[in-house]
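The chain contents come next:
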Amino acid sequence: MRILVTGGAGFIGSHFVRSLLAPGEDTAAPPALVTVLDALTYAGDRANLTPVAHDPRLAFVQGDILDEGLVDRLVAGHDAVVHFAAESHVDRSIAAGRAFVATNVLGPQTLLEAAVRHGPRTFVQVSTDEVYGTIPAGSWTEEQPLAPSSPYAASKAGADLMALAYHRTHGLDVRITRCSNNYGPRQFPEKVIPRFITRLLDGRKVPLYGDGRHVRDWLHVEDHCRAVRLVLDRGRPGEIYNVGGGLELSNRGLTRRLLELCGADWDSVEQVADRKGHDARYSVDWTKIRTELGYSPRRSFTEGLAETVAWYRENRSWWERPSPPEPHLSLSAPERN
Ligand code: NAD
């Protein structure tokens, strides 16, 4: 199979590409060709693909998923598209939402259009549990109507609906995954786990939103990539698969664990104004992918988190690269000195 991976230089996409090309991958036959299409925005880094850079099956194309001509040529030469490329940070979408609509809605539409033009193609849309919005208790199944809160989540919901429309209208083989919060090495340090780790390793304070009681389910990036591969190999056209990690934790609980792993205490925490529209809790029911495709998470959160902290400790040069200013720096002045 020839697979086009969009956003393959980002956090999850690069893990996915490395796992596709890894020997001993246990889900299916190895791919004949893996092409990464990535615009290398601030969140993308070719170094994320260094471990597989010399694999003759890997091709890298720097380009934009909004570039119709380029997308058309690339989709023509592949059997499947696994679509990760996105503007992915909620805070940035709150500060300025326009790029999110362009990349996250028009981007997949451009890919879907090309997939229809070139005949039978499989299109895996990598989405998020945030499209369901907050849930006070219990877990959302795939049947739950969408109720996104942030512009980011709304743009992902728009992409999901667009993908399903291409399935219903054109019969395109579309499959959607909706996963919970990912963590692991090589996540850009604007997301909470690497942001807290890198600040604590620098002896700085960490900004905890509101009362810190927001609950998230944590999924190791390797488990997520295995789930996406299962859906690509054995998922059914037109179906949505929730992917969970099995560990729900409040942001306070997460902060406590990170403080301990980084050798800091609660004095390093500064409670800051809550994020606008902050969803209190996400939780997905992933019975469907478990029963249909045999997925369950393998990584323990305790081990995975310790390993992630160790990776950031050992790879300063990766995260000290220049990056755009954070959109929502609500820390008080003294901490920034
Ligand atoms: P990321 O921000 O680390 O990576 C995004 C990648 O997309 C980058 O390499 C970037 O250069 C590329 N990109 C952005 N705009 C592009 C464009 N116009 N054309 C081509 N490439 C472009 O994101 P991530 O955390 O790896 O997330 C990957 C996917 O998974 C996203 O679709 C995101 O919505 C989804 N997701 C992520 C999480 C999470 O916890 N990180 C959770 C649920 C779903």
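Residues numbered from 1 in each chain as written. Predicted model: local features only at pLDDT ≥ 70, side-chain atom pairs only at ≥ 80, totals over all residues. Heavy atoms only, no water.

A. Up close: the nonpolar core. With 27 residues, the main nonpolar core has Leu-37, Val-75, Leu-111, Leu-112, Phe-123, Leu-172 and Val-174 as its most contacted residues. Ignoring any residue separated from it by four or fewer positions in sequence, one finds Leu-172 in contact with Leu-112, Ala-115, Val-116, Arg-121, Phe-123, Tyr-166 and His-167. Of all hydrophobic cores here, the second largest spans 24 residues; its members include Val-17, Val-34, Val-126 and Cys-225. (Core = buried A, V, L, I, M, F, W, Y, C linked by side-chain atoms within 4.5 Å. Buried < 20%, exposed > 50% of the residue type's maximum accessible area, 1.4 Å probe, protein only. Contact = heavy atoms within 4.5 Å.)

B. Looking closely at the site of the ligand. Surrounding the ligand, one finds 30 residues, the nearest of these being Ile-12, Asp-38, Ser-88, Tyr-152 and Lys-156. In this structure, an oxygen atom belonging to the ligand sits 2.6 Å away from a side-chain N or O atom of Asp-38. With respect to the ligand, the backbone of Ile-65 contributes an N or O atom lying 3.0 Å from a nitrogen atom. Coverage of the ligand by the protein chains reaches 96% of its 830 Å² of free accessible surface. Contributing elements (two or more residues each) for the shell around the ligand: α1 (11-21), β5 (122-128), α5 (151-170) and β7 (181-183). Ranked by residue count, the leading element in the shell around the ligand is β5, at three residues. In terms of residue class, the shell around the ligand is made up of 13 nonpolar, 13 polar and four charged. (Near = heavy atom within 4 Å. Polar contact = N/O pair within 3.5 Å; in protein donor to acceptor, adjacent residues only side chain to side chain. Areas by Shrake-Rupley, 256 points an atom, 1.4 Å probe, with all protein chains shown as cover. Helix = DSSP H or I, 4+ residues; strand = E, 2+ residues; numbered from the N terminus. Nonpolar A, V, L, I, M, F, W, Y, C, P; charged D, E, K, R; others polar.)

C. Up close: the sheet that holds strand β11 (residues 247-250). In spatial order, the strands read β7-β9-β11; together these three strands make up an open sheet with mixed pairing. The open sheet is flanked by β7 and β11, the only strands paired with a single partner. When the angles between neighbouring strand axes are averaged without regard to direction, this sheet yields 45°. As paired elements, strand β9 (residues 215-220) and β11 share four bridges and run antiparallel to each other. (Pairing = 2+ DSSP bridges. Axes fitted to C-alpha atoms, helices over the stretch in contact; angles between N-to-C directions.)

D. Up close: a negative patch on the surface. A cluster of acidic residues, Asp-64, Asp-67, Glu-68 and Glu-113, forms a negative patch at the surface. The residue Glu-113 is located in helix α4 (residues 98-117) in this model. (Patch = residues over 30% accessible without salt bridge, like charges linked within 9 Å, V, L, I, M, F, W, Y side chains within 5 Å. Salt bridge = Lys/Arg side-chain N within 4 Å of Asp/Glu carboxyl O. Lys, Arg positive; Asp, Glu negative; His and termini not counted. Charge placed at Lys NZ, Arg CZ, Asp CG, Glu CD.)

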